[in-house]
Amino acid sequence: LTPAPDGARAQEFTFKLHHLLSAQAPAHSRMLVPWAEQVEENSGGRVKIEIFPAMTLGGRPPELINQVRDGVVDLIWTVNGYTPGLFPRTEVFELPNVFTNDPRAADLAMNEMLASGALADDYKGVEVMFLHVHAGQAMQMRDKLVRTPADLAGLNIRTPTRTNAWVIEALGATPVAMPVPDLPPALQKGVVDGAFIPFEIIPPLKIQDQTAYQVELADEGRLGTTAFQVSMNQARWDGLPDDIKKAFRDASGPEWQARVGEIWRAADDFGIGLAVKAGNEHVTLTPEESAAFAAALDPVVGRWVEEVKSKGIDGQALVDEARALIEKHAAE
Amino acid sequence: MTSETGAETPPRRAGWTGAAARAIELWALAGGALLLGVVAINAASVIGGVFGAPVPGDFELTEMGVAVAAFAFLPWCQLTGANVTADIFTARASRAWTARFALAAAVVALFFALLLLWRMWAGMLDQREYDYMTAILSVPVWWAFPPILVSLALLAVAALVSLVEAAPVAAGRAPGAGSGPA
Amino acid sequence: MIDAVTLGVGALVALVALIALRMPIAYAMILVSGLGIAWLNGSALMLNQLKTLAYGQFSIHSLSVIPMFVLMGALAAKAGLSQALFRAADAWLGRLPGGAAMAAIAACAGFGSVCGSSLATASTMGRVALPELARYRYSGALATGTLAAGGVLGILIPPSVVLIVYAIITEANIVTMFMAAFVPGLIAVVLFLGVIALYVTLRPEAGPRGERVSREERRAATLGVIPVVAIFALVLGGIYAGLYNPTPAAAVGVFLVWLVGTLQGRLRLPQMIEALKETAGSSGMIYLILLGAEMMKIFMSRIGLPQETAAWIAGSGLTPMVVLLLLLLALIVLGCFLDSLSMILLVIPFFWPVLIELNGGIYQGAEGSGFGLSTDELNVWFGILALIVVELGLITPPVGMNVFVISSLAKNVPMIETFKGVAPFFAAEMLRVALLLIFPGIVLFLPRLLGG
Ligand code: NA
Ligand code: NA
């Protein structure tokens, strides 16, 4: 388990990659496993990445970032939003009207901003391999069809992150925090009227059984998204020889980032397909209806800009840059 | 007859062990009061939920409150011998040997308490430095740590009390005196 | 490098040795795994993980029901409520041979339907029923064995913390899991009652008949249970009507018990303080064990024991059913040493993917599958089977948590007697596992009926 002495051929560098989802989640089988295999291949077999799913190396998901910073594990895949306040700059990509509908473009944009240093202060103590988002929060409703923001007034909506809570508030609904596993029973019993989550969560939680409507804005438009990272312990990274670093970098470049966007889009498509097959109504709002949501959500961006000001961050500059880069990559 | 976990008649303690025992008992009760507070928040949230106004952040307050309370219970567990042991293999051991086992357990508890105190102090500094907050109420997570560090210090004290009380019996002196952790 | 199996077995042997030498189980787990991880990957790693591990473990939301239901049980005991539950069951069943023990099982089932933890059920009902069984001159083995076994109904009858944790790991629907657990839970109650009937037929002196109860007394005992039934109905009813999840339900339960006890004048400040001290003792003990279990899980994952076992099984070419039996057997063996929650946390993340593969993939339908079930149904069925066998670990020596809890309540009964008394219940559980293995429909019919 420790690096073999110099001269040993096979697997000189072993890494433990720790994450929170189960081994059958697409994030594990379609993203992390292929990425790890690519790194191993690039290194000519000198790197071995052992993946530990479902927090099998201990702790709770919010601890993943501490674990990689402290070297308890070498690599992690985690949800930025599980530790609110730790990644204020990257949060820009989670905002509605900044992230709209294209995970591929957003992935390329956020990694470009990471490389340029605009997000660097969020990631002290870790070396980011790549950042990504999921396909975006859609409105998954128990029994109320939502076509206008007014339809959401007074409803209880489950929230996963703080920016998502702001989205819910901006639409006149009440954000309710609860762990993901509590969501299906809460939906079934009407404790919450809906959740703003990606379609990709439908299969693992069987959301199709507890909801009637899957609603998204025009052109696969969503109400913001969630940021994720794959990161390595800084000291471990700094101690690697250049050719091994290159093996990691080559496996994580723009081509891969674009691929990650497609993987999450495909998982999302699979989820909504399952819901439709189960008899749920998949509603895509008209451009006019969608514009009403965009207008209602615009204050969320302003609220965020105002909030990060207290941390000495120029939020508006980040918003402008993120939008410009997303637009650039979407056009590719 | 039956006796209840954590509520046996405590050995007579005087001097510093008596004071320590009293402090540990009060600290455990403070943890219990905190647990009652968490109960109140959740009950209020249920009642509020019926009227469409659940308590915001009840989820994260529950996590934090129960964690702090659970740490406050640990010294009391040590002091009253509430931590489960299997006496099946040593049911016929002499009183001196039983005390020796208790002594070893107290040493492990003392070492663990001090180690965790040191490590969670470092953990608290991390939480402060990186600005960890809860999701809804933005409560700094490190606020939970000072009472936990007090709990761990008291756990060390409780382990020391067990150690001091088991030592004479383990050494074969003071037959019948003391009552180490079961 | 020593291989994973040798290391894992060595660690388990060290663990058992320490436990045998009266090391508290939590500290034995912490010591073995802490030293093990430090030896394996360096002490710096272990020290760094300890910065957050304990707080993370203690602040798991789904575990917060444990101290609340322990507190509810302690308050209910002080207020005489769990007593009333037992009295009413006893008034109806007590005249039968072994009737008071049967009443204890019935009362455990009632308590288990609002309590998600076996330990809390065992300790709460143990406090109530053990003195009564002693008064009726029940044998120590039958009395403590009944309550140690009855305690597992806390997990078997929903809500169940272990089932929630399982559902989280395998991404099963929690409502479905609860529905699936219901009928097997009732079967457990029936089988346990049968065990007691058989026991006292063979050894009448172990469970004497209770005193004759007059019609008035029976009526009074039944009326005395009304506050309990009302509280239980409000708590359970609240969960099923969708007013609240288990943690708020526990909070409502605590509040209602406190209200009834206070109105009846039984809960004053001294009783409250006693209840809080008991809660502190029981919950602190459980949380420390959860921390030890988490560290054991980390150690086992790091040496690669679960992964290696899963890989070996997948590559062995055994039939799906044989693999399932082996997995259940492994859980029973592990259950001798570990507590149920830590076993689920340790083993399921590695075993469940193996079963998925054997069944034909995550989206496999019933047709052409390895087990003749869709993977969704396999998930539910395996979850209930796993729940039963890990719960068996609570009553198997040397580490049987329920037996320890009951033993700490009945100090005059040697633990070996309790293990003897619990053995027939263990046999009944094996019968139940066999039933559910042969007839998956027992598990699946309610979810199929209600879930669509
Ligand atoms: Na239960
Ligand atoms: Na066991």
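- Under an unreviewed UniProt entry, the name given to chain C is TRAP transporter, DctM subunit, and the organism recorded is Albimonas donghaensis.
- The annotation that UniProt attaches to chain C under Function (unreviewed entry) is "Part of the tripartite ATP-independent periplasmic (TRAP) transport system."
- Under the heading Subcellular location (unreviewed entry), UniProt records this for chain C: "Cell inner membrane".

Quick word on the overall build of chain A
In step 1: Within chain A one finds eleven helices and eleven strands.
In step 2: For the C-alpha atoms alone, the extent of chain A along its principal axes is close to 65 × 40 × 35 Å.
In step 3: Taken over 332 residues, chain A has a buried fraction of 62%.
In step 4: Intrachain contacts of chain A at a sequence separation of at least 6 include 76% that bridge at least 24 residues.
In step 5: If you sum the accessible surface of chain A, you get close to 11,500 Å²; carbon and sulfur atoms cover 51% of it.

Let's talk about the domain arrangement of chain C
Residue and element names in this part refer to chain C.
In step 1: Examined at the domain level, chain C breaks down into domain 1 (1-59 + 284-303) and domain 2 (64-282).
In step 2: Taken together, the contacts link four residues of domain 1 with eight residues of domain 2.
In step 3: In this assembly, domain 1 packs against domain 2 so that about 480 Å² is buried in total across both faces, 64% of it on carbon and sulfur atoms.
In step 4: Counting across the interface, domain 1 meets domain 2 through zero salt bridges.

With respect to the interface of chain B and chain C
In step 1: Of the residues lining the interface, 64 residues belong to chain B; the matching set on chain C comes to 63 residues.
In step 2: Where chain B abuts chain C, roughly 5,700 Å² becomes buried across the two surfaces, and 75% of that area is made up of carbon and sulfur atoms.
In step 3: Our count for the contact surface shared by chain B and chain C stands at two salt bridges.
In step 4: The residue Lys277 of chain C makes a salt bridge to Glu25 of chain B at a minimum N-O spacing of 2.6 Å.
In step 5: In this assembly, chain B and chain C are joined by four residue pairs in polar contact (both at pLDDT 80 or more).
In step 6: When contributions to the side of chain B that touches chain C are tallied by element, the ones reaching two or more residues are helix H1 (15-50), helix H2 (58-80), helix H3 (95-130) and helix H4 (145-170) of chain B.
In step 7: Sort the elements by how many residues they give to the side of chain B that touches chain C and H3 of chain B lands first, with 16 residues.
In step 8: A breakdown of the residues in the side of chain B that touches chain C according to their chemical character gives 44 nonpolar, 13 polar and seven charged.

Focus on the interface of chain A and chain C
In step 1: Taken together, the contact pairs 34 residues of chain A with 38 residues of chain C.
In step 2: Of the roughly 3,200 Å² buried at the junction of chain A and chain C (both faces included), carbon and sulfur atoms supply 56%.
In step 3: At the junction of chain A with chain C, the criterion picks out two salt bridges.
In step 4: Its salt-bridge partner being Lys206 of chain A, residue Asp376 of chain C comes within 3.5 Å of it at the nearest N-O pair.
In step 5: Seen at the junction of chain A and chain C, the total is nine residue pairs in polar contact (both at pLDDT 80 or more).
In step 6: Of all elements in the fold, only helix H2 (64-70), helix H5 (183-189) and helix H6 (202-205) of chain A reach the threshold of two or more residues within the side of chain A that touches chain C.

What about helix H1 (residues 26-42) of chain A?
Given 3.6 residues per turn, any residue in an α-helix points the same way as the ones three and four places further on.
Residue and element names in this part refer to chain A.
In step 1: Helix length check: H1 (17 residues) gives 23 Å between terminal C-alpha atoms against 24 Å at 1.5 Å per residue, within 8%.
In step 2: Taken residue by residue, H1 has Ala27, His28, Met31, Leu32, Trp35, Ala36, Val39 and Glu40 as its buried positions.
In step 3: Residue Gly44 follows H1 closely and has a positive phi angle near 65°.

Quick word on the side chain of Asn402 of chain C
Residue and element names in this part refer to chain C.
In step 1: By the element assignment, Asn402 lies in helix H21 (residues 401-409).
In step 2: On the accessibility criterion, Asn402 (0% relative accessible area) is buried.
In step 3: Those residues within four positions of Asn402 in sequence are excluded, and the remaining contacts are Ser118, Leu119, Ala122, Ala148, Gly151, Val152, Leu394 and Ile395.

Details of H2 of chain B
All names here are of chain B.
In step 1: For H2, which comprises 23 residues, the first-to-last C-alpha distance of 32 Å matches the rise-based estimate of 33 Å (1.5 Å per residue) to within 8%.
In step 2: Judged by how many residues are buried, H2 sits mostly within the fold: 22 of 23 residues are covered.
In step 3: The first or second residue beyond H2 is Gly81, which carries a positive phi of 65°.

Here we look at the sheet that holds strand E4 (residues 126-133) of chain A
Strand pairs in the sheet, formed through backbone hydrogen bonds, run parallel or antiparallel to each other.
Residue and element names in this part refer to chain A.
In step 1: Spatially, E2-E1-E3-E10-E4 is the arrangement adopted by the five strands of the open sheet, whose pairing is mixed. With one partner strand each, in any of the chains shown, strand E2 (47-52) and E4 form the two edges of the open sheet. Strand-to-strand twist of the sheet, defined as the mean angle between neighbouring strand axes without regard to direction, takes the value 20°.
In step 2: Taken together, the seven bridges between E4 and strand E10 (residues 227-233) define a ladder with antiparallel strand orientation. Within E10, the position partnered with Phe130 by the bridge is Val230.
In step 3: Packing against the sheet, helix H3 (residues 103-116) makes contact with E4 and E10, and its axis sits at approximately 155° to E4.

Considerations on the side chain of Ser45 of chain B
In step 1: Within the secondary structure, Ser45 of chain B sits in helix H1.
In step 2: Excluding anything up to four places from it in sequence, Ser45 of chain B contacts Pro54, Val55 and Asp58 of chain B.

A word on the packing of helix H4 (residues 162-170) of chain A against helix H10 (residues 287-309) of chain A
All names here are of chain A.
In step 1: Orientation of H4 relative to H10, taken along the N-to-C sense of each, is 140°, at an axis distance of 9 Å. As judged from the angle between their axes, H4 and H10 are oblique. Of the two possible hands of crossing, H4 and H10 adopt the one that is right-handed. Contacts from Arg162, Thr163, Trp166, Val167, Glu169 and Ala170 of H4 reach H10 at Ala296, Leu297, Val300, Arg303, Trp304 and Glu307.
In step 2: In terms of residue class, the contact of H4 with H10 is built from seven nonpolar, one polar and four charged.

What to know about the environment of Thr144 of chain C
All names here are of chain C.
In step 1: For Thr144, the position within the fold is in helix H9 (residues 140-151).
In step 2: Separated by 273 residues in the primary sequence, Thr144 and Glu417 have C-alpha atoms spaced 8.1 Å apart.
In step 3: Not counting residues up to four positions away in its chain, the partners in contact with Thr144 are Leu130, Ile406, Ala410, Val413 and Thr418.
In step 4: Side chain to side chain, Thr144 and Thr418 meet in a polar contact 3.1 Å long.

Remarks on the environment of Gly154 of chain A
Residue and element names in this part refer to chain A.
In step 1: You can see Gly154 is positioned in the loop between strand E5 (138-141) and strand E6 (156-159).
In step 2: On a C-alpha basis, the gap between Gly154 and Ala251 in space is 47 Å, while along the polypeptide they are 97 residues apart.
In step 3: Those residues in contact with Gly154 that sit more than four places away from it in its chain are Gly172 and Ala173.

What about the sheet that holds strand E7 (residues 174-177) of chain A?
All names here are of chain A.
In step 1: Taken together, the six strands give an open sheet; going across it, the order is E7-E6-E8-E5-E9-E11, and neighbouring strands pair in mixed fashion. Among the strands making up the open sheet, the edge pair consists of E7 and strand E11 (281-284). Direction aside, the axes of adjacent strands within the sheet are offset by 30° on average.
In step 2: Here four bridges tie strand E9 (residues 213-216) to E11, and the two strands are oriented parallel to one another. Each residue of the ladder has a partner; that of Val215, found in E11, is Val283.

Cut-off values and rules
Residues numbered from 1 in each chain as written. Chains lettered and ligands numbered in written order. Predicted model: local features only at pLDDT ≥ 70, side-chain atom pairs only at ≥ 80, totals over all residues. Heavy atoms only, no water. UniProt positions renumbered as here; feature names shortened; annotations may be inferred. Helix = DSSP H or I, 4+ residues; strand = E, 2+ residues; numbered from the N terminus. Buried < 20%, exposed > 50% of the residue type's maximum accessible area, 1.4 Å probe, protein only. Contact = heavy atoms within 4.5 Å. Areas by Shrake-Rupley, 256 points an atom, 1.4 Å probe, with all protein chains shown as cover. Domains from an automatic or database assignment. Buried area = accessible area lost by both parts, 1.4 Å probe. Salt bridge = Lys/Arg side-chain N within 4 Å of Asp/Glu carboxyl O. Polar contact = N/O pair within 3.5 Å; in protein donor to acceptor, adjacent residues only side chain to side chain. Nonpolar A, V, L, I, M, F, W, Y, C, P; charged D, E, K, R; others polar. Expected span 1.5 Å × (residues − 1). Pairing = 2+ DSSP bridges. Axes fitted to C-alpha atoms, helices over the stretch in contact; angles between N-to-C directions. Parallel < 35°, antiparallel > 145°, perpendicular 65-115°, else oblique. Left-handed = near helix turned anticlockwise from the far one by under 90°.

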